Each structure stands twice: as structure tokens, then as C-alpha cells.
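# Structure at a glance
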2 protein chains.
Amino acid sequence: MRYLLTISYLGTAYHGWQVQPNGVTVQEKVQDALEKIYKFRPNVTGCSRTDAGVHALEFCCHFDAEYIIREDKIVSALNSYLPDDISANECKIVDSNFHARYSAKGKNYIYKIYNSTTPNPFVFNRSWHVSRRLDVDKMNCFLSSLVGTHDFVAFSSSGRTVEDTVRTITECKAEKKGDFIEISVTADGFLYNMVRIIVGTAVNVSDNKISEDSALDIIRSKDRNMAGITAPPYGLFLNKVIY
Amino acid sequence: MRYLLTISYLGTAYHGWQVQPNGVTVQEKVQDALEKIYKFRPNVTGCSRTDAGVHALEFCCHFDAEYIIREDKIVSALNSYLPDDISANECKIVDSNFHARYSAKGKNYIYKIYNSTTPNPFVFNRSWHVSRRLDVDKMNCFLSSLVGTHDFVAFSSSGRTVEDTVRTITECKAEKKGDFIEISVTADGFLYNMVRIIVGTAVNVSDNKISEDSALDIIRSKDRNMAGITAPPYGLFLNKVIY
């Protein structure tokens, strides 16, 4: 029986999703909790690897388990075993061909910038505090030009290698919400650090360090150095996985 | 020169406002930061003592300092020295008779209940998670009866003694905001644990453990045992000090 499990997590305390030798990860915590329920340790496959410090409002993963436990029972049992910074939201039986990563048609990320002269202790580690006034119109001029199917290799870090670096962005916009600027990016897939480099570049555009109409030039250059800074991880939220 | 300083803080890591022998307090951190700026250690007087784990969206305090530093310079200097869970928002020169505590005409507290079947890692330690469905109408029926001038000794813990336990509540209501229930209480002053006992009793009313029309009976009893439970500290926010 294959289960699709939806969780949320505050990434601050974790070295990202994927189990690794040094540092505690979300995958490890979810597997620990499932092991307490099932008395064996299911391998849990995530929809993506999130970086250290990145959060998830909705992260999807799947696991296989032989005997059947009612779906709502799994959720409440998981919530009693999971730490307070990870919650199980939903669990449902899916087709045995379903794959949390490969079945995903796309994902939506939200990046939160707290744009205020003074810091805010309630959003520390849950947003990027930028104290100088940002120009949302200028940022949107740049961001909207990224929509489409392009080779986004210039907007990726070299840390992880994939062969195909062409992705389709269907939405890329910044919105002012009170003291926050929320940048929403939806695509069929993302390269390593892609959203954080897009956000960092948009901030550089607002600061007049990069031209607001340079998006296609950066894409065509295929050169990471043409894009801007990498925004810090703690403002990034995986918001939605589209199946 | 007397300064009125407005700060915000996430109370999770602190043993409340007031300096005490065991445990780190917000007052201590603010005095540490001021000492770095002024090269002497001003005594900072707060508008109230908040309990361990209680937060402040707007906490007011005053201090005296001999030589003049521009008010906006104090704020930015403080924010560079304060830890990330405390922020300085505003600083202004006030009359030498001003007193952060005694000049206050009233205060407004907000208590946040997260009322959802599953927990939410993003509001953990910033709200009280109640998973059973609460009845906001019933809570409001009880809460509205508390408005007025009464001896609220039944709604106070015995930990701190004051002689006069009569207070005037001018606003006391619960409001549903998405998955949250926010209880707002405004009064000319508060007894020890008063808001937390009011909130705990309102939850007991919703759970049919206490009658929704019992508010005046509890007040008249002057008996703490007639009121309900004390809600946990981490849902409580000092929201506004009225001068």
C-alpha cells in the first residue's frame, strides 16, 4: 500500500529534507515517527530536497507500508511523535505507481522579504529582512520576463548537477503585503537554488545593480555570474506541489 | 533626559521582562544593549512584568540618560546590539515625570488560540493549539459579561499580591480569524495571570464545563477556584499600552 503524506515544517533546525551524515534532517524525523507507528522503518521519498533553513507549508512525500492503518489515525499518530516544528497534515492511499517526486507536474515556492526599517522578532528566520525600501514595480518588471520556457542554468548554483537545465516558469511575481514583499514562483521544476537566485537578482534590480530588463540577457548568457546574489534560505517556503 | 522606548519581543527564550536571579530576561537584554551605546548601564523601567514565554508586540519602557543621542540613532544602534528575538521600534524624549508603568492609562492584550485538528509548526510557541472545535459565540457570551468595573480577584493567581483588585475592562471579545481565535482584552490594569485565566475560563465555557452566563457569579465569588484553567503563556501578546 502506497501512502501520500503531506507535511509542513519550519526548516530552521534542519539540514534540509534529505537524510545526510552530518546534521538532523526532516526526512529522518518523519521516518523516526513512522517507525514508532509501524514498528519497521519505511523509506520516505520526498517531492524535492529542500536546503537547510528552507521551510515547507506543504511538502509531499510517499512511503509504502504493508498493513493498513486508517489515514486519519496515521496523521494524529504522526503528530504525537513528530517534533513541534514538523506537522502531518494529510495522509491518503495512492496508486502504487505514484511517486512524490516524479509524479509532480510542478511546484510553487513563496519567498518572503520583510521590508521595514526595523527588524521584527516574530518573522526572524521566517523571512529575509531588507531594511532599505525595495521597488516592487521594478522587481516585477524583471520577474515577469522570466516567465516561459528557458534554460535557467544562469539562475542555478553549481552544487548539484542535472543534465537538462530547461524549465518552464508559469508564474513569477512580487506582491506587497503590508511590510512584506512576497515573491511567488511556479514552475514545472526548479534547479538548485533557482528561486533564491531569482529573488536575490530581483533585489539587485531594485537596488539598480542589475537592469530591470536584463532577464533574457542573463538567461542567454548561461553564466551564473551574470545573475545576482543568492537570497538567504530562511525566507523560502515550498508552498504547493502540483500533481 | 528621559526616553520612552518601544520594543517588540518573542518571549519564548525569556523568563519574562523583569530582571531576576535565575534565568535571562528581556529587561537584562535591553539594559545590556543600552550599556553598549551609553557606556553606563541605565536602569530601564517597564510598563508591566510579563510572564515567562509571554510575547510583546508593543512593550513600553523608560530610561534616563544624560547626554543626547538622536532618537532614530538609538533605535538603529539598539537593533544592532539586541538579540534577534527583541527589536527596538521607536525611541522618543518624554517629560521627566513620565513613567512607563504609572503613566499608563490602560493596556490591550491579545491571546491567540490556534483552533485546528492538526498542529501548525509556524505558530508553535506563538499560540495555544486547541484541536477540538471551540464555540466562539458561547465564548463571547461569557467574555462580554466581564466588561465593566469589578473586583477581578477570582480571575487572578495568588503569586503576586496587590491590595486593590478592582479593575475596569473596556473591551473583552473573541474573534475568529481563519484557523485562529483571537481574544482581545483591554483594561485600565491587569491582575497577575488575569488574561490567561479569562481565556482559560472562556475555553472551559466552550467545553460546557462552565456556564456561559456565570461571569458575574464568578466575579462575586471572589474565589479563584470558581474560574477556569489558566491558559498557557505562549498564546499571550501585550499588544498596546495606552498613555
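The structure reproduced in this document is the subject of the present report.

Procedures and definitions
- Residues numbered from 1 in each chain as written.
- Chains lettered and ligands numbered in written order.
- Predicted model: local features only at pLDDT ≥ 70, side-chain atom pairs only at ≥ 80, totals over all residues.
- Heavy atoms only, no water.
- Patch = residues over 30% accessible without salt bridge, like charges linked within 9 Å, V, L, I, M, F, W, Y side chains within 5 Å.
- Areas by Shrake-Rupley, 256 points an atom, 1.4 Å probe, with all protein chains shown as cover.
- Salt bridge = Lys/Arg side-chain N within 4 Å of Asp/Glu carboxyl O.
- Lys, Arg positive; Asp, Glu negative; His and termini not counted.
- Charge placed at Lys NZ, Arg CZ, Asp CG, Glu CD.
- Helix = DSSP H or I, 4+ residues; strand = E, 2+ residues; numbered from the N terminus.
- Contact = heavy atoms within 4.5 Å.
- Buried area = accessible area lost by both parts, 1.4 Å probe.
- Polar contact = N/O pair within 3.5 Å; in protein donor to acceptor, adjacent residues only side chain to side chain.
- Nonpolar A, V, L, I, M, F, W, Y, C, P; charged D, E, K, R; others polar.
- Least-squares fit on C-alpha atoms with pLDDT ≥ 70 in both.
- Disulfide = S-S within 2.5 Å.
- Buried < 20%, exposed > 50% of the residue type's maximum accessible area, 1.4 Å probe, protein only.
- Axes fitted to C-alpha atoms, helices over the stretch in contact; angles between N-to-C directions.
- Parallel < 35°, antiparallel > 145°, perpendicular 65-115°, else oblique.
- Left-handed = near helix turned anticlockwise from the far one by under 90°.

Turning to a negative patch on the surface, a few remarks are in order. Taken together, the side chains of Asp 135, Asp 137, Glu 212 and Asp 213 of chain B define an acidic patch exposed on the protein surface. Turning to its location among the elements, Asp 137 of chain B is positioned in helix α3 (residues 136-144).

It is common to report an interface's size as the accessible area lost on association of the parts. Each side of the interface is counted separately: chain B has 21 residues, and chain A has 21 residues. Taken together, both faces of the contact between chain B and chain A bury some 1500 Å²; the carbon and sulfur share is 68%. Scanning the region where chain B abuts chain A turns up zero salt bridges. For the interface between chain B and chain A, the tally reads four residue pairs in polar contact (both at pLDDT 80 or more). At the level of elements, β1 (2-9), β3 (55-64), α2 (71-81) and β4 (86-94) of chain B are the ones that each hand at least two residues to the side of chain B that touches chain A. For the side of chain B that touches chain A, the element with the most residues is β4 of chain B, which contributes four residues. When the residues that make up the side of chain B that touches chain A are grouped by side-chain class, the tally is 12 nonpolar, six polar and three charged.

What follows is about the relation of the copies chain B and chain A. By a simple turn and slide, chain B fits onto chain A: the slide is 0.0 Å along the axis, the RMSD is 0.0 Å, and the turn is 180 degrees. Interpreted geometrically, this transformation is the action of a two-fold axis. The share of interface residues of chain B whose copies in chain A are also at the interface is 100%, consistent with both copies meeting through the same surface.

Before going further, it helps to examine the state of the cysteines. All names here are of chain B. Enumeration over the complete set of coordinates arrives at zero disulfides over all chains. Unpaired in terms of disulfides, Cys 91 finds its nearest cysteine sulfur in Cys 61, a separation of 8.5 Å. The thiol sulfur of Cys 172 is not disulfide-bonded, and the nearest other cysteine sulfur, from Cys 141, lies at 12 Å.

Residue and element names in this part refer to chain B. Phi at Asn 193 takes a positive value of approximately 65 degrees, unusual for a residue other than glycine. Position of Asn 193 among the secondary structure elements: in the loop between β9 (180-187) and α4 (194-206). Unlike most non-glycine residues, Asn 208 shows phi in positive territory, near 65 degrees. Take Asn 208: it is sitting in the loop between α4 and α5 (215-221). Given a relative accessible area of 58%, Asn 208 falls into the exposed group.

Among the surface-exposed residues, Met 1, Ile 68 and Ile 93 of chain A lie close enough to one another that they form a single nonpolar patch of about 280 Å² accessible area. With respect to the helices and strands, the residue Ile 68 of chain A is situated in the loop between β3 (55-64) and α2 (71-81).

Moving on, we get to the packing of helix α3 (residues 136-144) of chain A against helix α4 (residues 194-206) of chain A. All names here are of chain A. Contact geometry of α3 with α4 gives a least axis separation of 8 Å together with a crossing angle of 135 degrees. In terms of orientation, α3 and α4 fall into the oblique class. For the pair α3 and α4, the crossing hand works out as right-handed. For the pair formed by α3 and α4, the contact residues are Lys 138, Met 139, Phe 142 and Leu 143 on the first element and Ile 198, Thr 201, Ala 202, Val 203, Val 205 and Ser 206 on the second. Each residue belonging to the contact of α3 with α4 can be placed in one class, and the counts come to seven nonpolar, two polar and one charged.

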